[in-house]
Amino acid sequence: MRNLFSVEGKVVLVTGGSRGIGEMIARGYVENGAKTYISSRKADVCDRLAEELSEHGTCISLPFDLGNMAGIAGLAAAIAEREPKLDVLVNNAGATWGAPIDEYPEGGWDKVVDLNTKSIFFLTQKLLPQLRAAATHENPARVINIASVNGIEPPALETYAYSTSKAGCIMLTRHLAKRLAREHILVNAIAPGPFPSQMMAATLATAGDAIRANNPRGRTGEPEDIAGVAIFLSSRASAYTTGATIPCDGGSAEL
């Protein structure tokens with residue numbers, strides 16, 4: 001029963017890993033001994049964080065825009081050039097778009113759904129050779145999709161594409177889990193609630209006090225909260241868990 005939660009020596013890729021929840025998760029892996037690749041659209045931000053995290057372990061920047069197939073293929077090829085095996089893929093890259101229902105634009109819808117759902121499927125697909133190479137009966141490879149509590153319960157905000165894409169992420173997680181379990185690849189999702197991040201900044205600025213007051217834990221999420229769930233889903237402790245969506249929201253799915 002010792003070392004149940006160890007990720008030391010694992011090779012990990014975290015998309016959207018240069019800020020927000022992705023940064024929190026990446027930091028958790030690096031500080032616990034995993035060789036961690038981070039990817040994001042902005043190269044300078046990604047490079048800067050990788051340099052900072054490398055003071056605590058191994059972190060490598062691979063900037064790509066996963067909102068299009070060229071970026072997805074480019075990131076998969078960059079990993080394949082560097083690593084014959086990939087132990088953990090964290091599909092965290094995401095976007096949101098808010099607009100009144102009568103004005104909601106097709107371009108905003110497509111941007112959000114393409115990044116939040118489509119990119120998860122195709123990046124996972126293209127990294128299957130590396131995931132399969134890492135996977136064994138005793139030590140499965142892992143795919144962790146970052147969904148949202150808004151994919152479980154609809155929010156009050158007019159972020160229609162976001163909630164739809166995150167609900168799709170949860171079903172895609174279950175579908176991939178069912179297909180890949182026999183290949184010793186486990187697929188799970190985390191559904192975060194409110195965390196301090198750039199995506200949540202405007203909401204927390206206007207409604208942060210109410211969100212914290214209404215949360216059973218009386219606060220928003222902290223880095224250790226989300227990193228802890230990701231580390232659990234990457235370790236021996238979760239080797240019999242697949243197709244699950246774990247809320248990380250302090251007990252409240254309302255935003």
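What counts, and where the lines are drawn
Residues numbered from 1 in each chain as written. Predicted model: local features only at pLDDT ≥ 70, side-chain atom pairs only at ≥ 80, totals over all residues. Heavy atoms only, no water. UniProt positions renumbered as here; feature names shortened; annotations may be inferred. Phe/Tyr/Trp six-rings, centres within 6.5 Å; stacked < 30°, edge-to-face > 60°. Helix = DSSP H or I, 4+ residues; strand = E, 2+ residues; numbered from the N terminus. Buried < 20%, exposed > 50% of the residue type's maximum accessible area, 1.4 Å probe, protein only. Bend = angle between axes of the 7 residues up to and from the residue. Contact = heavy atoms within 4.5 Å. 1 Å grid on protein atoms, 1.4 Å probe; cavity = no way out; pocket = protein on both sides within 12 Å on 5 of 7 lines; lining within 4 Å. Points joined across faces, edges and corners; volume = space filled by probe spheres on them. Nonpolar A, V, L, I, M, F, W, Y, C, P; charged D, E, K, R; others polar. Salt bridge = Lys/Arg side-chain N within 4 Å of Asp/Glu carboxyl O. Pairing = 2+ DSSP bridges. Axes fitted to C-alpha atoms, helices over the stretch in contact; angles between N-to-C directions. Disulfide = S-S within 2.5 Å. Expected span 1.5 Å × (residues − 1). Parallel < 35°, antiparallel > 145°, perpendicular 65-115°, else oblique. Left-handed = near helix turned anticlockwise from the far one by under 90°.

- Under an unreviewed UniProt entry, the name given to the chain is SDR family oxidoreductase, and the organism recorded is Phenylobacterium terrae.
- UniProt annotates the chain under Sequence similarities (unreviewed entry) with the comment "Belongs to the short-chain dehydrogenases/reductases (SDR) family."

## Some details on the packing of aromatic side chains
Here is step 1: Here the structure, examined in full by the defined rule, presents four aromatic pairs.
Here is step 2: A centroid spacing of 5.6 Å and a plane angle of 75 degrees characterise the contact between Tyr-104 and Tyr-160, whose relative ring orientation is edge-to-face. In this pair, Tyr-104 is assigned in the loop between strand S4 (88–91) and helix H4 (106–126) and Tyr-160 in helix H6 (residues 160–180), connecting sequence segments 56 residues apart.
Here is step 3: Overall, the relative accessible area of 17% leaves Tyr-104 in the buried class.
Here is step 4: With a centroid separation of 5.0 Å and 90 degrees between ring planes, the pair formed by Phe-121 and Phe-122 is classed as edge-to-face.
Here is step 5: One aromatic cluster in this structure is built from Tyr-104, Trp-109 and Tyr-160.

## As for H4
Here is step 1: The sharpest bend along H4 comes to roughly 45 degrees, located at Lys-118.
Here is step 2: Residues of H4 that are buried: Gly-108, Val-112, Leu-115, Asn-116, Thr-117, Ser-119, Ile-120, Leu-123 and Thr-124.
Here is step 3: Structurally, H4 contributes buried residues whose contacts are with strand S1 (11–15), helix H3 (69–82), S4, helix H5 (128–134), strand S5 (141–146) and H6.

## Observations concerning empty space enclosed by the protein
Rolled over the atoms, a probe with the dimensions of a water molecule shows which regions are left empty.
Here is step 1: Per the stated rule, a full pass over the model turns up one cavity of 30 Å³ or more.
Here is step 2: Each pocket or cavity is described by its volume, and for the largest cavity that value is around 30 Å³.
Here is step 3: Together, Thr-15, Leu-66, Asn-91, Asn-92, Ala-93, Leu-115, Ser-119, Ile-120 and Leu-123 line the largest cavity.
Here is step 4: Broken down by element, the residue count for the lining of the largest cavity peaks at four residues, all from H4.
Here is step 5: Across the lining of the largest cavity, the residue classes tally to five nonpolar, four polar and no charged.

## Some points on the pattern of salt bridges
Here is step 1: Inspection of every chain in the model, using the stated rule, returns six salt bridges.
Here is step 2: Arg-27 is the partner of Glu-23 in a salt bridge, and the nearest nitrogen-oxygen pair spans 3.1 Å. Here Glu-23 pairs with Arg-27, and both are found in helix H1 (residues 20–31), just four residues apart, close to one helical turn.
Here is step 3: Linking Arg-27 and Glu-52 is a salt bridge whose minimum nitrogen-to-oxygen distance equals 2.9 Å. Within this pair, whereas Arg-27 is found in helix H1, its partner Glu-52 is found in helix H2 (residues 43–53), the two being separated by 25 residues in sequence.
Here is step 4: The exposure class assigned to Glu-52 is partly exposed, which follows from its relative accessible area of 37%.
Here is step 5: Each of the salt bridges in this network shares a partner with another, and the network as a whole consists of Glu-23, Arg-27 and Glu-52.

## Things to note about the sheet that holds S4
Here is step 1: With parallel pairing, seven strands are arranged side by side in an open sheet as S3-S2-S1-S4-S5-S6-S7. Two strands close off the open sheet at either side, each with one partner strand: strand S3 (58–61) and strand S7 (245–248). Within the sheet, the average angular offset between the axes of one strand and its neighbour, ignoring direction, is 20 degrees.
Here is step 2: As paired elements, S4 and S5 share four bridges and run parallel to each other.

## Description of the state of the cysteines
Here is step 1: A full pass over the atoms with the stated rule returns zero disulfides.
Here is step 2: The thiol sulfur of Cys-46 is not disulfide-bonded, and the nearest other cysteine sulfur, from Cys-59, lies at 7.5 Å.
Here is step 3: Here Cys-248 is not cross-linked by a disulfide; its sulfur's nearest cysteine counterpart is in Cys-169, at 15 Å.

## Regarding H1
Here is step 1: Given a rise of 1.5 Å per residue, 12 residues ought to cover 16 Å, and the 17 Å separating the end C-alpha atoms of H1 matches this to within 8%.
Here is step 2: Burial of H1 is extensive: nine of the 12 residues sit out of reach of the surface.
Here is step 3: The set of residues buried in H1 consists of Gly-20, Ile-21, Gly-22, Met-24, Ile-25, Ala-26, Gly-28, Tyr-29 and Val-30.
Here is step 4: Taken from the residues just after H1, Gly-33 is the one with a positive phi, measuring 90 degrees.

## Remarks on the packing of H4 against H6
Here is step 1: At a closest axis distance of 8 Å, the pairing of H4 and H6 adopts a crossing angle of 15 degrees. Relative to H6, the element H4 is oriented roughly parallel. The handedness of the crossing between H4 and H6 is right-handed. In this structure, H4 uses Trp-109, Val-112, Val-113, Asn-116, Thr-117, Ile-120, Phe-121 and Thr-124 to contact H6, whose residues at the interface are Tyr-160, Ala-161, Tyr-162, Thr-164, Ser-165, Lys-166, Gly-168, Cys-169, Leu-172 and Leu-176.
Here is step 2: Within the contact of H4 with H6, the residues separate by chemical class into 11 nonpolar, six polar and one charged.

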